[in-house]
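Structural overview
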Amino acid sequence: MIEIMWFEAKQTFKNIAFLIGAVFLLFTIIYLCKPYINYLPPKSEQDLIQIVKETGDEEDAHIPVRKEERYDFAVECLKENLIKSGMKDETIKNIIDKIYTENMSFDEIDIYLLEECRISGASNNYIRAKSKRASLEETKLFIANALEKEPFSAYFAQRYADLLGILCVFYVLMIFPFLFGSDFKKDMWDLLHTKSIKPWKYVLGKTLGALLAILSVLVLVGSVFSIWLQIKGANFLLPINFFDIWKYTAWWVLPTVLFSTFLLVALSLSFRTGIAAVPIYIAYFLWSGMPHKLSDGSVFLPVNPFFMYIRYPKLLFEDVDVARLEAIFVNRMTLISLTIVLVWVSIKAWERRIK
């Protein structure tokens, strides 16, 4: 099996799709993560502007709003929007007074404003009110409090692993649907039948060989960011733990890569073609990232035990709630268990094909 694995690894390194994917992954993850390293902690208002500008995610220049303050903050945002719309001050005062007097939910506010003022989308104010745009001093204080709990590298590694996990889902898709494609050609098929190679050795050797090439890219990318973080920490006196990048990569990215790999292998061997595996895989990916809308109108990214990947839906220095961490643990354990099942399915599918 070792010989098969090393041979397949060398073949994968020569694969043009592998090389293109490796370059794309490296430059994309650097592009996405660069603002978090370059402009944090912010030293000026211009840094906050750059964070918003370069990430394209305005929330990264915000701080969380406490739950008990969120309703009032959302009503205040609604008031500002009504003022901008040109509504009279007296009318706005009457609307706000009625909202507080009747203790309306934002769903009820939506209906009220639509019926009385023909204004829709009031609940969007509550959705956006989970965080607020912070001044430089507020942001510095928020970051300082966060760094008392965890080093900067831990918060960064969470965001890094979150983005890398999604990129790896696509990277795997470039390699594994067609890993066994040439084996079904007549000349290769005849050659395989002349060799006394046990099915499990062949399937695992070939898959792990290609997977080894993928993991080598992840090691390269992780090394780049580990060195980058060490330099960042030395320059700005930020607390850095060298192992954070690797810890979150192992926990956050590796189960997704293993599951995605053997899902594609099992599908392609079962259908005897990688083309059939691609739409099923993409549908699974889309299902895993489908957001849910809560009763308060906010959008929530759930954690299902069977999701291919999961997200960190939070600000950079924000804590993850305990319930979500527990759900993440269940998801990771489920993916590892399903990967073992998919290995068995892949071997059985290969055995059925060679008989």
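Residues numbered from 1 in each chain as written. Predicted model: local features only at pLDDT ≥ 70, side-chain atom pairs only at ≥ 80, totals over all residues. Heavy atoms only, no water.

1. Brief notes about helix α8 (residues 136–147)
The end-to-end C-alpha separation of α8 is 16 Å, in line with the 16 Å expected for twelve residues at 1.5 Å each. For α8, the set of buried residues is L136, T139, F142, I143 and A146. Looking down the long axis of α8, one finds its buried residues gathered within 130 degrees of arc, a one-sided arrangement. In this structure, α8 carries E137 and L141 as exposed residues pointing more than 90 degrees from its buried face. (Helix = DSSP H or I, 4+ residues; strand = E, 2+ residues; numbered from the N terminus. Expected span 1.5 Å × (residues − 1). Buried < 20%, exposed > 50% of the residue type's maximum accessible area, 1.4 Å probe, protein only. Arc of directions from axis to C-beta.)

2. Some details on the confidence of the model for the chain
It should be kept in mind that the predicted coordinates are not to be read in detail where pLDDT is low. When pLDDT is averaged along the chain, the result is 82, and 84% of the positions lie at 70 or above. Within the chain, the element-level pLDDT minimum falls on helix α10 (residues 186–194), averaging 52, and the maximum on helix α12 (residues 244–271), averaging 94. (pLDDT = per-residue confidence, 0-100.)

3. Re the packing of helix α11 (residues 199–236) against α12
At a minimum axis distance of 11 Å, the contact between α11 and α12 shows a crossing angle of 155 degrees. When the axes of α11 and α12 are compared, the pair comes out roughly antiparallel. Considering only the axes of α11 and α12, their crossing is right-handed. (Axes fitted to C-alpha atoms, helices over the stretch in contact; angles between N-to-C directions. Parallel < 35°, antiparallel > 145°, perpendicular 65-115°, else oblique. Left-handed = near helix turned anticlockwise from the far one by under 90°.)

4. As for the side chain of T12
Tracing the chain through its elements places T12 in helix α1 (residues 2–14). Residues contacting T12, with those up to four places away along its chain left out, are F18, I175, A210 and A213. (Contact = heavy atoms within 4.5 Å.)

5. Focus on the nonpolar core
Residues I29, F156, Y160, F176, F225 and M308 are the most contacted members of the largest nonpolar core, which totals 80 residues. Of the residues forming this core, the biggest block, 16 residues, is contributed by helix α9 (residues 152–175). What Y160 contacts, discounting residues up to four positions off in sequence, is I29, C33, V221, G222, F225, I245 and T249. If you look at the next biggest cluster of nonpolar residues, it comprises 14 residues, including A74, V75, L82 and I99. (Core = buried A, V, L, I, M, F, W, Y, C linked by side-chain atoms within 4.5 Å.)

6. Notes on the environment of M174
Position of M174 among the secondary structure elements: in helix α9. When neighbours within four sequence positions are excluded, M174 is seen to be in contact with A17, I20 and G21.

7. Looking at α1
In this model, α1 (13 residues) spans 19 Å end to end at C-alpha, consistent with the 18 Å of a helix rising 1.5 Å per residue. Taken residue by residue, α1 has I4, M5, E8, A9 and T12 as its buried positions. Looking down the long axis of α1, one finds its buried residues gathered within 130 degrees of arc, a one-sided arrangement. Among the exposed residues of α1, those oriented more than 90 degrees off its buried face are E3, K10 and K14. If you follow the buried residues of α1, they end up packed against α2 (16–38), α9 and α11.

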